[in-house]
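Below, each chain spelled out in residue letters.
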Amino acid sequence: MTIFVGLDWGGSSHAVCIIDAAGKILDHFAVTHERDGLADLVARLRRHGLPGDTPVAIERPSGLLVDVLVETGFVVTPVHPNVVKACRPRYRAVAAKSDPGDAYILADILRTDGHRLTQLRPQSDAIKALRALVRGRDDLVASKVMFTNQLRALLESFWPGPIGLFADIASPIALAFIRRYPTPESASRLGDKRMAAFLAQNKYCGRRSVADVLGRLRSAPPGGAAEAEADAKGELVTAIANVLESLVSQIAKLSGRIEHAVAQLPEGRIVMSFPRAGKICAAQITAELGDVRARFQSEDHLAAEAGVAPVTYQSGRSRGVGWRWACNKRLRTAVTCFADNSRHASPWAANVYRKARERGCRHPHAVRILARAWLRILWRTWHDAVPYDPQKHPAARAILISG
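Residues numbered from 1 in each chain as written. Predicted model: local features only at pLDDT ≥ 70, side-chain atom pairs only at ≥ 80, totals over all residues. Heavy atoms only, no water.

A few words on the pairing of strand β1 (residues 3-8). Across the 6 residues of β1, 6 count as buried, placing the element largely inside the fold. Here β1 shows two buried faces, one formed by Ile3, Val5 and Leu7 and the other by Phe4, Gly6 and Asp8. With 6 bridges connecting them, β1 and strand β2 (residues 13-20) associate as antiparallel partners. Its bridge partner being in β2, Gly6 is matched across the sheet by Cys17. (Buried < 20%, exposed > 50% of the residue type's maximum accessible area, 1.4 Å probe, protein only. Helix = DSSP H or I, 4+ residues; strand = E, 2+ residues; numbered from the N terminus. Pairing = 2+ DSSP bridges.)

Here is the structure:
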């Protein structure tokens, strides 16, 4: 008997609905997100058929629950949450969410429109590892930005001196200075010799002279905090600087591991062959692309997933083009970063960007246009498993010849 399974994922429990080919509910239950609960889920699904003959619809393409189902052999089909949201009015007058109701909707979507959906094919273990490293590093970088802004705002409130002392307030030497001199009082007796010793101890690049560094510190606006308040804020500054120092160190370690990991992957070497792709940006793109070639059926599919293809709305004589909200935002960030960098190394990319700007596009829009152009090439190289070759890129070759 043909069955369809809908699974509404939850934080602590999951609602499951099993229907037949006519849409009749055969079973409806919930399982907990624990070892015994997931084992019970697999056992109850097996009662209705073999895993290879049991399609399961779920609103997310990854996670422990998805891994358990895939490893057991079930045919998992991810369904975008927007699809479920749009389908709710088909089943009830009030489009309110309920876990059992969504589980039934997922199963019925799979029954009626399963042929339109793409079944999940798991990525290799190496891609999963790279994705975990890349996304974890991105989260740490976001935390670093947050703490950096918090540190800058705190210093501005009582001692702006260290802010403009070095190029980056989150650099190791800037954090070392803040930790040693967290208040105006602690730096009040800082002279040429002490500053020179500090700079030498922290391996300062020597871009500015000792006198220049001291001059910047002393020319900053004076702090207006009284002694008790300055001491309290100095303690907070030290705490944030310690957190930032640890974050910077861990990000550097993760970056080194990511650079090594992406260079070992065939897909990573393909992305790294593009101009100015680098290693970290290439790793971010590779982690989101994966190594399942059938995942993106066309370059347009990839562009939509990356969020660089706009959405066209048309009804009668009304027509508009809007921003694509539903996309892989991590992939969009990575490909636009690569596109922006590439225009400094590729004459073809610089030409595409320049023409977009001449048409009146703002910088972010012009970068997305360039990213869309690069994705046509990236999809082909990724699909064919070959590195980028400017000599096989007619538009790039023509510019090189004419230049």
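A word on the sheet that holds strand β4 (residues 55-58). Read across the open sheet, the 5 strands follow the order β3-β2-β1-β4-β5; overall the sheet is mixed. Both edges of this open sheet fall to β3 (25-32) and β5 (75-78), since each of them pairs with a single strand only. In this sheet, adjacent strand axes meet at a mean angle of 20° when their direction is disregarded. Running over the sheet, helix α1 (residues 35-46) touches β1, β2 and β3 and is turned about 165° from β3. (Axes fitted to C-alpha atoms, helices over the stretch in contact; angles between N-to-C directions. Contact = heavy atoms within 4.5 Å.)

A separate point is the pattern of salt bridges. Any two side chains of opposite charge can pair, so long as their charged atoms come close to each other. According to the stated counting rule, one finds 19 salt bridges in the structure shown. In this structure, the salt-bridge partner of Asp108 is Arg111, at a minimum N-O distance of 2.7 Å. Of the two residues, Asp108 and Arg111 are both situated in helix α4 (residues 99-113); the distance of 3 residues between them amounts to about one turn of the helix. Under the relative-accessibility criterion, Asp108 is labelled buried at 4%. By sharing partners, the salt bridges in this structure join Asp138, Asp139 and Arg330 into a single network. (Salt bridge = Lys/Arg side-chain N within 4 Å of Asp/Glu carboxyl O.)

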